[in-house]
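Structure assessment
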Amino acid sequence: MLLPFDEAGHGRAVVLLHARPTDRTMWRAHLPLLAEAGVRAIALDLPGHGAALVPDERVVAPWADVLDTLDHLGVDRFVLAGNSLGALVALQVAVTAPGRVAGLGLVGYRPHDQPPSPRLRWAWDSERTALDAGDIDAAVRAGVDAWTADAPREARAHAARMLRDQLRSQLTHGEPARAADPLDEDPAALRTLRIPAVVGVGECDMPDFFHGGESLARDLGAGEVVVIPGAGHLAPLEQPAAFCELLVNVMKGERPR
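Numbers given to residues run from 1 along each chain, matching the order in which its sequence is written. In view of the model being predicted, local features appear only for residues whose pLDDT reaches at least 70, and side-chain atom pairs are presented and counted only at 80 or more, with totals across whole chains, interfaces and linings using the full set of residues. The side-chain numbers reported here are obtained from all heavy atoms of the structure, hydrogens and water having been left aside.

The rule is short: rings of Phe, Tyr and Trp, with Trp giving its six-membered ring, pair when the centres are within 6.5 Å, and they are stacked under 30 degrees, edge-to-face over 60, tilted in between. Summed over all chains, the structure comprises one aromatic pair. Consider the rings of W27 and F243, whose centres lie 5.6 Å apart with planes at 35°: the pair is tilted. Of this pair, W27 sits in the loop between β2 (12-17) and α1 (30-36) while F243 sits in helix α11 (residues 240-252); the two residues are 216 residues apart in sequence, bridging distant segments of the chain. You can call F243 buried: its relative accessible area is 0%. A run of DSSP states H or I qualifies as a helix once it reaches four residues; a run of E qualifies as a strand once it reaches two. Both are numbered from the N-terminal end. Here's how the labels work: a residue is buried when its accessible area is under 20% of the maximum for its type, exposed when over 50%, partly exposed in between, all with a 1.4 Å probe on protein chains only.

In structure tokens form, the structure reads like this:
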């Protein structure tokens, strides 16, 4: 399927992939910043999020939808930037079409087979308990508290709007079935990639994503994990200027200072 998108700027392309509880509007502050830096920035809604509604019984392969959408936009080679779910999809794209990916900027990654910490388990359980009780407001509060740190009020309000929309869509349409993950088909695939990469984590994020980021950085040969100050799990939303600087460094082939 072709994914809904927003874009700004001209030059080398960077593709922005959002976190699970959000949508492509997560990147609205980043588009003008990246355009000003001489980048063509493209923000996508992943299948089942935002305006990317999935037809009943369709099995989704987000990595394939990203590539199809970029083909439609005439983008052959690009840098991928992803937060959380977006980081996972970026890796799936990279192992599927490594020759098209010029760089990776990944924040808030955790492999699914990594056991959750008590803090992460609590976040999941709090949201699920509220949803089971039909209390979307409580689920949104739990999610915003879990996924943002001491974020500015505007960023927390934006996160709450996106999460509310996502939860309503999930309750209405359910979650689509997913195709087999290309990362599971070849567990060694990440270690064979030869793509410049930077792996980051929000300073106030859960320990799961520090551990996951360190493991990913080793697999990709990406060096030390970059810690984004004053940010939680949705670090790009909370600190857009810092995240854009990280991306521009990736595109220049430099390590963040």
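Between the N-to-C directions of two axes lies an angle of 0 to 180 degrees, each axis being a line fitted to C-alpha atoms and, for a helix, fitted only over the stretch in contact. Direction vectors running N to C along helix α2 (residues 62-72) and helix α3 (residues 85-96) enclose 70°, while the axes themselves pass 8 Å from each other. In terms of their interaxial angle, α2 and α3 are classed as roughly perpendicular. Of the residues in α3, those in contact with P62, W63, V66 and L67 of α2 are V89, Q92, V93 and T96. Each residue gets one of three labels, nonpolar for Ala, Val, Leu, Ile, Met, Phe, Trp, Tyr, Cys and Pro, charged for Asp, Glu, Lys and Arg, and polar for the others, Gly among them. Of the residues that constitute the contact of α2 with α3, the class distribution is six nonpolar, two polar and no charged. What sets the label is the angle itself: under 35 degrees gives roughly parallel, over 145 gives roughly antiparallel, 65 to 115 gives roughly perpendicular, and the rest give oblique. Contact definition: two residues touch when any of their heavy atoms are within 4.5 Å.

Salt bridges are defined as contacts in which a side-chain nitrogen from Lys or Arg sits within 4 Å of a carboxyl oxygen from Asp or Glu. The tally for this structure, following the rule as stated, stands at eleven salt bridges. One salt bridge connects R128 with D132, and the closest N-O pair in it is separated by 3.2 Å. Placement of the pair is R128 and D132 together in helix α4 (residues 118-132), with a separation of four residues, close to one helical turn. What makes R128 partly exposed here is its relative accessible area of 38%.

On to the state of the cysteines. The disulfide definition used here is simple: a pair of cysteine sulfur atoms within 2.5 Å. Counting across every chain of the model gives zero disulfides. No disulfide involves C204; its nearest neighbouring cysteine sulfur is the one of C244, lying 20 Å away. With relative accessibility at 6%, the residue C244 sits in the buried group.

Note on soluble globular proteins: their nonpolar side chains tend to be buried together. Counting residues in hydrophobic clusters, the biggest one holds 90 residues, and the most contacted among them are V14, L16, F78, L104 and L220. The leading source of residues in this core is α3, at nine residues. Here, nonpolar core refers to any group of buried Ala, Val, Leu, Ile, Met, Phe, Trp, Tyr and Cys residues whose side-chain atoms link them within 4.5 Å.

Right, let's get into a negative patch on the surface. For patches, a residue must show more than 30% relative accessible area and have no salt bridge; joins then use 9 Å for like charges and 5 Å for nonpolar side chains, namely Val, Leu, Ile, Met, Phe, Trp and Tyr. Using the Shrake-Rupley algorithm and a 1.4 Å probe, accessible areas are obtained, with residue cover drawn only from the displayed protein chains. Within this scheme the basic residues Lys and Arg register as positive and the acidic residues Asp and Glu register as negative, but His and the chain ends are omitted. A charged residue contributes its charge at one atom only: NZ of Lys, CZ of Arg, CG of Asp or CD of Glu. There is a patch of like negative charges on the surface, built from D113, D184, E185 and D186. Structurally, D113 is set in the loop between β5 (101-107) and α4.

Before going further, it helps to examine the environment of Q239. Along the chain, Q239 falls in the loop between α10 (235-238) and α11. Each C-alpha atom, one on Q239 and one on A157, is 15 Å from the other, the two residues being 82 residues apart in sequence. Excluding residues that lie within four positions of it along the chain, Q239 makes contacts with I228, P229, G230 and A231.

Next up on the list: the packing of α4 against helix α6 (residues 153-173). At a closest axis distance of 12 Å, the pairing of α4 and α6 adopts a crossing angle of 55°. Relative to α6, the element α4 lies oblique. You can see that α4 and α6 cross each other, and the crossing is right-handed. Residues E127, R128 and L131 of α4 form the contact with α6, whose own contacting residues are L163, L167, Q170 and L171. Across the contact of α4 with α6, the residue classes break down as four nonpolar, one polar and two charged. Less than a right angle of anticlockwise turn of the near helix away from the far helix marks a crossing as left-handed, whereas a clockwise turn marks it as right-handed.

Once that is clear, we can look at α11. Counted at 1.5 Å a residue, the expected span for α11 with its 13 residues is 18 Å, and the 18 Å between its end C-alpha atoms agrees. For α11, the full list of buried residues reads F243, C244, L246, L247, V248, N249, V250 and M251. Just downstream of α11, G253 is the residue with a positive phi angle, here 75°. Expected span of a helix, by definition, is 1.5 Å for each gap between consecutive residues, and there is one gap fewer than residues.

Attention now goes to the side chain of R24. As for its placement among the helices and strands, R24 is situated in the loop between β2 and α1. The exposure class of R24 is buried, given its relative accessible area of 18%. For the purposes of these results, a polar contact is taken to be a pair of N or O atoms within 3.5 Å, where, inside protein, one atom must be able to donate a hydrogen and its partner to accept one; residues adjacent in sequence count only when each atom of the pair is a side-chain atom. Among the polar contacts made by the side chain of R24, one reaches the side chain of D6 at a distance of 3.0 Å. Sequence-distant contacts of R24, defined by excluding residues within four places in its chain, comprise P4, F5, D6, H18, A43, L44, D45 and A51.

Counting through the fold element by element, E224 comes out in the loop between α9 (207-220) and β7 (226-228). C-alpha of E224 to C-alpha of V199: the two residues are 25 residues apart in sequence and 7.8 Å apart in space.

With that out of the way, let us pick up the sheet that holds strand β1 (residues 5-8). Sheet strands pair via backbone hydrogen bonds, and the direction of the pair is either parallel or antiparallel. The rule for pairing is simple: two strands pair if DSSP sees at least two bridges between them. Reading across the sheet, the seven strands line up as β1-β3-β2-β4-β5-β6-β7 and stay open at both edges, with mixed pairing between neighbours. Each having just a single partner strand, β1 and β7 make up the two edges of the open sheet. Adjacent strand axes in the sheet meet at a mean angle of 20° when their direction is disregarded. Bridging between strand β6 (residues 197-202) and β7 involves three bridges; their strand directions are parallel. Across the sheet, G202 pairs through a bridge with I228, a residue of β7. Lying over the sheet, α2 contacts β2, β3 (39-44) and β4 (78-83), oriented at roughly 135° with respect to β3. Sitting on the sheet, α11 is in contact with β2, β3, β4, β5, β6 and β7, with an inclination near 150° to β5.

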